[in-house]
Amino acid sequence: DSGVTQTPKHLITATGQRVTLRCSPRSGDLSVYWYQQSLDQGLQFLIQYYNGEERAKGNILERFSAQQFPDLHSELNLSSLELGDSALYFCASSPTGNYGYTFGSGTRLTVV
Amino acid sequence: AQSVTQLGSHVSVSEGALVLLRCNYSSSVPPYLFWYVQYPNQGLQLLLKYTSAATLVKGINGFEAEFKKSETSFHLTKPSAHMSDAAEYFCAAGDDKIIFGKGTRLHILP
């Protein structure tokens, strides 16, 4: 157990739907990062939050949004889902100052 | 912009042989460098990290990596491969935001 908890582990949904992925960072970590992993694109950085505020944005689509709550857990919202959104979504956390991330075990999203 | 290139999407070595996974980074200033390992159906686990303290970095499971500024490389090695080393390995670079290479799948032949 890495200390980063992601739920759900698996999610199957239809095109056009909206889903929410949840991440609880490791205790004491203020930064949360979201990554998308697919066979063709590899690991793509989506977004980073630090202590509740958006810190950096990567290749995140406008249909996707995220937030980090006062208790530091984070949610990634994916809407108007398309078949191409099927992927593994990872959350990672780190303490202040980056010395490497701790990853959760991911959420496997399948859009049918 | 920083980028990370891993040479070889698949590498096969015999059990007991040397493991060498290649990584080159592109950056005007050497960033923090990392190697992660991903086992099937699991998240990424940090193997080792370079943070400018020493050019030869030792990690978990017998892996080590050497930072070579002149070659902008950070190759991962292990003297003797075990079957349990079969996994996907990612090289990564960055500071506040980490960029990952496309990964190298390591196969261990009996």
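Just so it is clear, the model here is predicted, and its values are computed rather than measured.

Draft legend 1. Representation of the pairing of strand β3 (residues 19-26) of chain B. Residues and elements named next belong to chain B. Only one face of β3 is covered, namely the face carrying V19, L21, C23 and Y25; the face carrying L20, R22, N24 and S26 is uncovered. Across 5 bridges, the pairing between strand β1 (residues 3-7) and β3 is antiparallel. Its bridge partner lying in β3, Q6 is registered against C23. Where β3 meets strand β8 (residues 73-78), 4 bridges bridge the pair, whose relative direction is antiparallel. Bridge assignment links V19 to a residue of β8, and that residue is K78.

Draft legend 2. Broad picture of the state of the cysteines. Throughout the structure, instances matching the rule amount to 2 disulfides over all chains. Sulfur-sulfur distance for the disulfide between C23 of chain A and C91 of chain A comes to 1.8 Å. In this structure, the disulfide formed by C23 of chain A and C91 of chain A twists by about -50 degrees around the S-S bond and is classed as left-handed. Here the residue C23 of chain A occupies a position in strand β3 (residues 19-24), and C91 of chain A occupies one in strand β9 (residues 87-94), the gap between them amounting to 68 residues. In this pair, the class of C23 of chain A matches that of C91 of chain A, namely buried. Each disulfide pairs two cysteine sulfurs, and for C23 of chain B the partner residue is C91 of chain B, the sulfurs being separated by 1.9 Å. Given an S-S torsion of about -65 degrees, the disulfide between C23 of chain B and C91 of chain B has left-handed geometry. Taken together, the residues C23 of chain B in strand β3 and C91 of chain B in strand β9 (residues 87-94) connect sequence positions 68 residues apart. We classify C91 of chain B as buried; its relative accessible area is 0%.

Draft legend 3. Structural view of the packing of aromatic side chains. In this structure the tally under the stated criterion is 16 aromatic pairs over all chains. Note on Y35 of chain A and F100 of chain B: the rings are 5.2 Å apart at their centroids and 90 degrees apart in plane angle, and the pair reads as edge-to-face. Here Y35 of chain A, found in strand β4 (residues 31-38), pairs with F100 of chain B, found in strand β10 (residues 98-100), and the two come from separate chains. The class for Y35 of chain A is buried, based on a relative accessible area of 0%. Ring geometry for F103 of chain A and F100 of chain B: centres 5.9 Å apart, planes at 75 degrees, overall edge-to-face.

The rules behind these values
- Residues numbered from 1 in each chain as written.
- Chains lettered and ligands numbered in written order.
- Predicted model: local features only at pLDDT ≥ 70, side-chain atom pairs only at ≥ 80, totals over all residues.
- Heavy atoms only, no water.
- Buried < 20%, exposed > 50% of the residue type's maximum accessible area, 1.4 Å probe, protein only.
- Helix = DSSP H or I, 4+ residues; strand = E, 2+ residues; numbered from the N terminus.
- Pairing = 2+ DSSP bridges.
- Disulfide = S-S within 2.5 Å.
- Phe/Tyr/Trp six-rings, centres within 6.5 Å; stacked < 30°, edge-to-face > 60°.

Geometry only, nothing functional implied.
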